[in-house]
Amino acid sequence: MKDVDPTTLSADDWDELHFPRPEENDFDRVVESAISRRGFLSGVVAFGSGAAAMGAGLLTSTSAQAQSASRFAFTPIAAQTGGAVHVPEGYEWKMLMRWGDPLFADADGYDLTDGGPVEKSDRIFGENTDGMETFAFQGHELIAINHEYPNGKINLPASQEGVPASAGDVLKLQNLQGVTVMEITEGPEGWSVVKDSPFNRRIHHNTPMNIVGPAAGHDLLKTEADPTGTTSLGTMNNCGAGKTPWGTYLTCEENFNGYFGSSDENASYDQKVAEGFKRYGLRAESWNGYELFDPRFDTSKNPNEPHRLGWIVEIDPTQPDSTPVKHTGLGRFKHENAEVTLAADGRVVVYMGDDERGEYLYKFVSNGSYQPGGETESLLNDGTLYVAKFNDDMTGAWLPLTPEATGMEAADISIFTRMAASAAGGTTMDRPEWVASSPVAVEAYCCLTNNKNRGVKPNAGGDDTSANAPNPREANKYGQIVRWRPVNDDHAAEGFDWDLYVMAGNPTVHSDARAGSANVNEGNLFNSPDGMVIDSTGLIWIQTDGNDDNEEDFAGNGNNQMLVGDPVTGEIARFMTGPNGCEVTGLAWSSDLRTMFVGIQHPGSNWPDGGTPRSSVIAIKRADNGLVG
Ligand code: FEO
Ligand code: CA
Ligand code: CA
């Protein structure tokens, strides 16, 4: 990473910068030069001159791609490098909410110049928007949306380097993160928040939560403040999201490790705790000094507190007084998002990525079936967690993480899911970000954003990360999207077929594997796919969190962006670009499908107002008010 501006880093990059993974062996070299000699494993992708051509085994039909007319209802836009948002001709965007905008009238005039008053910092829209979902409830339009991490320099401008100097500073940062639930409405001027709506709610780092599922009450979850191990405070580093068939919001705790530090560098821990700290990246120093002012985040005093993070949390956006629930049945790792779908027989299937280099892709299948109006808590806990294994012959298997398969007890599988996945023999992946399943076909996709360690060094558990079929490029700078179709058209099935929907790359710079797949061309260059949602028509919306310096390997990519892909032809077109420095993340539709809400996280320029950069949610519509999803 060069010329790092910490205010424009994604939380993923921030974690890597502050918590570099330990060297596990001496095979620490960049092997880019080897890629051109080596080619790909297993003939997944064959290469033509300057660009990769899809192999015969792919699920996509390349002849269909050549013959069909585009399904896209817009003219793709060019890459951009400036400080503005761009959308295609015939579309327009308007601001919905910015960090610091009031959710309640008592926070009107919240002044950002000194980061704002701490006593009002939980009455405003939070910082760094990420995953979101919309809910239509009794005539009300609601959005639940994540606030992933703080920008210390922006949120605490009076503090040295943005590091908290007081308990009040820590509290302010804690209040700016977590989740917002808010009611929105559309008027002649566009969409706006309904200030003081009874649905408006901030959930932050100190909001009481319940812990349920196989790890609830386990000794490793007990603390002095909660000797039962069944309640906790707060949800943090809320990255991607999900929505259940019963109308609740799932928020996913990702880089939770960064919030913890230790006042005693030499503190010793039980072996199991210490091994967990190593695998999950806990260190003596936190990102932002929480542990200096809030002993809950000091692992030498509270070694079990980190075990109470790294979960998926369910929130009922229609019940503002409800207590959020941490579902330990869905495993503990750096959760990206939670893509919920139903199996053929109504069992609940949740696909989940663990965003770390060389970690795994998971799914959960409930034992019970979803019944409208029926009991739902057990559906996210009573079931089987699986890790994905991708075979070179383009088949795959979901390996159950059971005591028999892993040699671990059920609660340990839940708390130390990464170790269970290693023991079961899953396939190490290039940083699984969002999973999206199609509403019109029985198939799912996962963004594998990039992985500079592929073929360079093992993951923190020592698992081999040599190039493999779905992660075929060593020192992978660009990322790819893997797709799978479950056997028997049933998401509960243990077998699947898979292919690569796209390998990002740059055919204007490279003529080897780094050129990318055949559906990447000069007109749609992008890198590091991250957010992904499939709309009601089956089109795949892809958001990026990558290198936007527009130079060398990334020449022609421009700023981070949102593209749309056709699942049948493989065609991909650029729909939107964000301001420089930003990541585009989070996408949801109004219930009439005439507006798409898109998140702009950590803008680097003075977007949107020419002053302090403010992470925001924008509303995109067609000028003719046509459908957009
Ligand atoms: Fe928060 Fe992996 O993105
Ligand atoms: Ca992400
Ligand atoms: Ca990312």
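Described below are features of the structure shown in this document. Everything numeric in this text was worked out from a predicted model, so none of it was measured.

Here the calcium ion (ligand 3) is held by Asp12 (OD), Glu433 (OE), Asp530 (OD) and Asp545 (OD), and the distances to it run 2.3 to 2.4 Å. Written as a sequence motif, the donor arrangement for the calcium ion (ligand 3) is D-x420-E-x96-D-x14-D. On the accessibility criterion, Glu433 (0% relative accessible area) is buried.

If you walk across this open sheet you meet the nine strands as S15-S16-S17-S18-S19-S23-S22-S21-S20, and the pairing is antiparallel. Two strands lie at the open edges of the sheet, namely strand S15 (339–342) and strand S20 (432–437), each paired on one side alone. Averaged over all pairs of adjacent strands, the angle between strand axes in this sheet comes to 30 degrees, irrespective of strand direction. Here four bridges tie S15 to strand S16 (residues 347–353), and the two strands are oriented antiparallel to one another. Bridging across to S16, Val340 finds its partner in Val350.

Tetrahedral coordination by four donors places them ideally at 109.5 degrees to one another around the metal; octahedral coordination by six donors ideally gives 90 or 180 degrees. Bound to the calcium ion (ligand 2) on the protein side are Glu336 (OE), Glu433 (OE), Asp530 (OD) and Asp530 (OD), at distances that span 2.3 to 2.8 Å. The sequence pattern formed by the donor residues of the calcium ion (ligand 2) is E-x96-E-x96-D. The calcium ion (ligand 3) is placed at 3.9 Å from the calcium ion (ligand 2), the two being bridged by Glu433. With Glu336 in the loop between strand S14 (325–327) and S15 and Glu433 in strand S20, this residue pair connects regions lying 97 residues apart in the sequence. Across the pair, exposure class does not vary: Glu336 and Glu433 are buried alike.

What follows deals with the packing of helix H6 (residues 271–280) against helix H10 (residues 417–424). Between H6 and H10, the shortest axis-to-axis distance is 9 Å and the interhelical angle comes to 85 degrees. In terms of their interaxial angle, H6 and H10 are classed as roughly perpendicular. Together, Glu275, Gly276, Arg279 and Tyr280 of H6 and Thr417, Arg418, Met419 and Ser422 of H10 make up the contact between the two elements. The residue inventory of the contact of H6 with H10, partitioned by class, reads two nonpolar, three polar and three charged.

Here we come to the pattern of salt bridges. This model, assessed by the stated rule, comprises 32 salt bridges. Between Arg614 and Asp101 there is a salt bridge, and its shortest N-O distance comes to 3.2 Å. Of the two residues, Arg614 is situated in the loop between strand S29 (595–601) and strand S30 (616–622) and Asp101 in the loop between strand S3 (91–98) and strand S4 (129–137); the sequence distance between them amounts to 513 residues. For the pair formed by Arg614 and Asp101, the shared burial category is buried. As a salt-bridge pair, Glu356 and Lys334 come within 3.0 Å of each other at their nearest N and O atoms. Linking Glu356 in the loop between S16 and strand S17 (361–369) with Lys334 in the loop between S14 and S15, this pair joins segments that are 22 residues apart in sequence.

What counts, and where the lines are drawn
Residues numbered from 1 in each chain as written. Chains lettered and ligands numbered in written order. Predicted model: local features only at pLDDT ≥ 70, side-chain atom pairs only at ≥ 80, totals over all residues. Heavy atoms only, no water. Donors = N, O, S within 2.8 Å, 3.2 Å for Na, K, Ca; no water. Buried < 20%, exposed > 50% of the residue type's maximum accessible area, 1.4 Å probe, protein only. Pairing = 2+ DSSP bridges. Helix = DSSP H or I, 4+ residues; strand = E, 2+ residues; numbered from the N terminus. Axes fitted to C-alpha atoms, helices over the stretch in contact; angles between N-to-C directions. Parallel < 35°, antiparallel > 145°, perpendicular 65-115°, else oblique. Contact = heavy atoms within 4.5 Å. Nonpolar A, V, L, I, M, F, W, Y, C, P; charged D, E, K, R; others polar. Salt bridge = Lys/Arg side-chain N within 4 Å of Asp/Glu carboxyl O.

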